[in-house]
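Listed here are the chains, written in short residue letters.
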Amino acid sequence: MCKPTIQVKESIDTSKPGAPTSQHRGFLYGTISLAFAITASSVTMGHMQSRRDALGCDSMCIGSMTSARSTLTLFGATIVGRMSDSKALDRFGGARKVCLLIGIVASAVELLIASKASTISTLWMSLIPAALLNQNFTVLKALFGDYHGESASAAERAGSVGKLGMAAGLAFMIGPLASSKFLSTYEQ
């Protein structure tokens, strides 16, 4: 029977860029930032639903908004994906990091516009920034791939992306639960 060969590194030089300590810190910060962003968004889910109901947005309106968001997200994934692979933004700390910041700002703008919406058309306008520009999950997966480089095993790459997915899933569960606990009402 054929046994797989195992390569053992004698020592790890932590002074080099991309050393395990900085990799783990990058994975941790990326995962936590995504979890906070999704939790912040999901806290407002119930509030946004009551806002749409108060403005008279029926099931056709909600379905249209969902379809429009999906379409904008598809286009945004192409735009942000290409931008995050660009070398033109390296002088700002790397294109992927710039795309992550743009995504966070776009989500904040969406929440700000939606919280002040007094018409259905304003609600429509509020979904555009984040749908187009918040592709943070995909950008973080690419950033994690950059951190790993060619030397990482498939298990290491899958582990980091799996933790990212777990953080996103938990955030979607914790956000509405936290909002029901800490917010007394969605009425304004």
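In case you missed it, the structure is sitting above this.
Residues numbered from 1 in each chain as written. Predicted model: local features only at pLDDT ≥ 70, side-chain atom pairs only at ≥ 80, totals over all residues. Heavy atoms only, no water.

## Quick look at the side chain of R52
As a reminder of what qualifies: Strands are runs of DSSP state E lasting at least two residues, helices are runs of H or I lasting at least four, and both sets are numbered from the N terminus onward. Note on classification: 1.4 Å probe, protein chains only; a residue is buried when its accessible area is under 20% of the maximum for its type, exposed when over 50%, partly exposed between these limits. Positive charges come from Lys and Arg, negative ones from Asp and Glu, while His and the chain ends are left out of the count. Salt bridges are counted wherever a side-chain nitrogen of Lys or Arg sits within 4 Å of a carboxyl oxygen of Asp or Glu. Only heavy atoms matter for contacts: two residues are in contact if any of them lie within 4.5 Å across the pair.
If you trace the backbone, R52 turns up in helix α2 (residues 45-54). Buried charged residue R52 carries no salt bridge. Nearest counter-charge: D53, at 6.2 Å. Each residue touching R52, except ones within four places of it in the same chain, is listed here: C57, I62, M65 and L123.

## Side note on the layout of surface pockets
This is how it is decided: Only protein atoms enter the 1 Å grid used here, on which a cavity is any set of points holding a 1.4 Å probe that cannot leave and a pocket is any open set flanked by protein within 12 Å on both sides along at least five of seven lines; residues with an atom within 4 Å of a point are listed as lining. Grid points are joined across faces, edges and corners, and a volume is the space filled by probe spheres set on the points. In this classification, Asp, Glu, Lys and Arg are treated as charged, Ala, Val, Leu, Ile, Met, Phe, Trp, Tyr, Cys and Pro as nonpolar, and every other residue, Gly included, as polar.
In this structure, the largest pocket spans a volume of roughly 900 Å³. If you trace the largest pocket, you find 30 residues lining it, with S41, M45, R69, E110 and A130 closest to the centre. Only α1 (20-43), α2, α3 (59-84), α4 (95-115), α5 (120-133), α6 (136-148) and α7 (154-182) provide two or more residues apiece to the lining of the largest pocket. Here the element with the most residues in the lining of the largest pocket is α3; it accounts for six residues. Per-class residue counts for the lining of the largest pocket are 16 nonpolar, eleven polar and three charged.

## Brief notes about the environment of S84
The cut-off we apply is this: Here a polar contact is taken to be a pair of N or O atoms separated by no more than 3.5 Å, where protein atoms must pair a possible hydrogen donor with a possible acceptor and residues adjacent in sequence count only if both atoms sit in side chains.
Within the secondary structure, S84 sits in helix α3. A relative accessible area of 7% means that S84 is categorised as buried. For S84 and L143, which are 59 residues apart along the polypeptide, the C-alpha to C-alpha distance reads 9.1 Å. For S84, the residues in contact, after removing those within four places along its chain, are A95, R96, C99 and V139. Here the side chain of S84 touches G81 through a polar contact of 3.0 Å, landing on its backbone oxygen.

Fair warning: the whole summary comes from geometry, so function is off the table for now.
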